Amino acid sequence: MIAELRNVSKTYNEVAALDNVNLEIREGEIFGLLGPSGSGKTTILRILALIEKPISGEVYFNGTKVTERNIQELRMQTTMVFQKTAVFNTTVYNNVAYGLKLRKVAEDTIKKQVSDVLDLVGLQGFEKRYANRLSGGEQQRVALARALVLRTKLVLLDEPTANLDPRNAAVIENVIDKANHELGTTFVVATHNIFQAKSLPQRIALLRNGRIEQSGTAAEVFSSLSKTLASFAAVENTFVGEAKFSAGGTTVVEIGNGVQIETTAHVQGKAQVFIDPREVIVSKKPFASSARNVFKCRIVEIVDAGKVVKVKVDIKGKLFTVQITRRSLDDLKLHVGSDVFLTFKASSVQAI
Ligand code: ADP
């Protein structure tokens, strides 16, 4: 067991963030911490990183109990990548080399190790580029490279793909998988994305209100759609329904009130579907396309989220959220009460 929490509790200003958590991280695995926002994922990572202390319970690292005496030394054996990673305002090389310089590693070794890790994250040739001028996905890979170059056995990742589009998220997931296979790095990955939790880690723990509600292999946890999983319906555009194969070779999921969603995922029986709010097209007139899902609906709410806007629509009593740019909102002259069409492809509907 590379890391272990035994009966760990944590409170902030008397509010419980973790309540008697027991967790075993095995050497060489990718472990997923899945839970909605505020469920305690970051707190667990911070305790595993030994930068936060529990109010009760014990933390073990490679079988050794963490104490005041050994905490400094043990802290060096884990690296945490925070959710809001800021790359340093310098070159990619300097960003990645930084931790090794601090550890007084010889310059030649640093060069070789930086080059190796940039290969691993797919940023070869980026050494001289300025890190803060890279795209969000590339910056996230720099952050990962900065952690991986230290070659600690345990790496903790807090929502590593939270702000990325699906394509860049897949790149990051591949890097994590590759580092796990090629370097043998053990990862603990916090995520609120059930689909990421299903595909990336070997084992997961389902967190809710600071408690672990279920844990096991992804297959075990997902095979029974638990109450906790169902509560993820609070995540935008996640619906529970009955899935059947359609004559056309796709799957149709009936999510209630006669609303049917077509997906290319192969599921049957009780299923959960998710539609990325960014993959839905909003139009005032039916939109000519081969997309299998088209719904006529009415806007019930418009939420300003900075550069983008979240438009909530009602489809026969089911609330869908669509994310568009402020510019599209203005161009289409959309307001609460507008009748619109939503269009999305069967291949952009995820289902489990
Ligand atoms: P998650 O990572 O799953 O979103 P967190 O571990 O960040 O959850 O938070 C768990 C709970 O602890 C939340 O209710 C949160 O508001 C609270 N919390 C976390 N950090 C602090 C802090 N520094 N001060 C006060 N409350 C905190």
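Moving on, we come to the pattern of salt bridges. Under the defined criterion, the tally for this structure stands at 13 salt bridges. Where Glu68 meets Lys53, a salt bridge forms, and the shortest distance between an N and an O atom there is 3.0 Å. With Glu68 in the loop between strand 5 (64-65) and helix 2 (71-75) and Lys53 in the loop between helix 1 (41-48) and strand 4 (56-61), the pair connects residues that are 15 residues apart, well separated along the chain. Between Glu262 and Arg292 there is a salt bridge, with its nearest N and O atoms 3.1 Å apart. Of the two residues, Glu262 is situated in strand 13 (residues 260-263) and Arg292 in the loop between strand 15 (281-283) and strand 16 (293-305); the sequence distance between them amounts to 30 residues. Overall, the relative accessible area of 13% leaves Glu262 in the buried class. Of the residues examined, Arg292 reaches a relative accessible area of 53% and is grouped as exposed. Through salt bridges with shared partners, a single ionic network connects Lys10, Arg46 and Glu52.

Around the ligand, the neighbouring residues are Tyr12, Ala17, Pro36, Ser37, Gly38, Ser39, Gly40, Lys41, Thr42 and Thr43. The contact in question runs from an oxygen atom of the ligand to an N or O atom on the backbone of Gly40, over 3.0 Å. When the ligand sits alone it has 560 Å² of accessible area, and the protein chains cover 58% of it. Within the shell around the ligand, the residues separate by chemical class into three nonpolar, six polar and one charged.

One open sheet accounts for five strands, arranged 13-12-11-14-20; its pairing is antiparallel. Of all strands in the sheet, those with a lone pairing partner are strand 13 and strand 20 (349-351), marking the two edges. Sheet twist, expressed as the average angle between the axes of neighbouring strands with direction ignored, equals 40°. Note: strand 11 (residues 238-245) against strand 12 (residues 251-254), four bridges, orientation antiparallel. If you follow Ala243 over to strand 12, its bridge partner there is Val253.

With that settled, the discussion passes to a nonpolar patch on the surface. Taken together, Phe88, Tyr98 and Leu102 make up a surface patch of nonpolar side chains, about 300 Å² in accessible area. As for its placement among the helices and strands, Leu102 is situated in helix 3 (residues 92-102). The exposed category is assigned to Leu102, whose relative accessible area is 54%.

What follows is about the packing of aromatic side chains. With the rule as written, the count across this model stands at five aromatic pairs. Their ring planes at 40° and their centres at 6.0 Å tell us that Phe295 and Phe320 sit as a pair that is tilted. A residue pair is termed long-range when its members are at least 10 positions apart, and Phe295 in strand 16 and Phe320 in strand 18 (residues 318-325) qualify at 25 residues. The exposure class assigned to Phe320 is buried, which follows from its relative accessible area of 1%. Connected via pairs of aromatic rings, a cluster forms that spans Phe239, Phe295, Phe320 and Phe344. We note Arg129 situated over the ring of Phe126; from NZ or CZ to the ring centre the distance is 4.6 Å. Sitting above the plane of the Phe88 ring, Arg146 keeps its charged end 4.5 Å from the centroid.

What counts and how
Residues numbered from 1 in each chain as written. Predicted model: local features only at pLDDT ≥ 70, side-chain atom pairs only at ≥ 80, totals over all residues. Heavy atoms only, no water. Salt bridge = Lys/Arg side-chain N within 4 Å of Asp/Glu carboxyl O. Helix = DSSP H or I, 4+ residues; strand = E, 2+ residues; numbered from the N terminus. Buried < 20%, exposed > 50% of the residue type's maximum accessible area, 1.4 Å probe, protein only. Near = heavy atom within 4 Å. Polar contact = N/O pair within 3.5 Å; in protein donor to acceptor, adjacent residues only side chain to side chain. Areas by Shrake-Rupley, 256 points an atom, 1.4 Å probe, with all protein chains shown as cover. Nonpolar A, V, L, I, M, F, W, Y, C, P; charged D, E, K, R; others polar. Pairing = 2+ DSSP bridges. Axes fitted to C-alpha atoms, helices over the stretch in contact; angles between N-to-C directions. Patch = residues over 30% accessible without salt bridge, like charges linked within 9 Å, V, L, I, M, F, W, Y side chains within 5 Å. Phe/Tyr/Trp six-rings, centres within 6.5 Å; stacked < 30°, edge-to-face > 60°. Lys NZ or Arg CZ within 6 Å of the ring centre and 35° of its normal.

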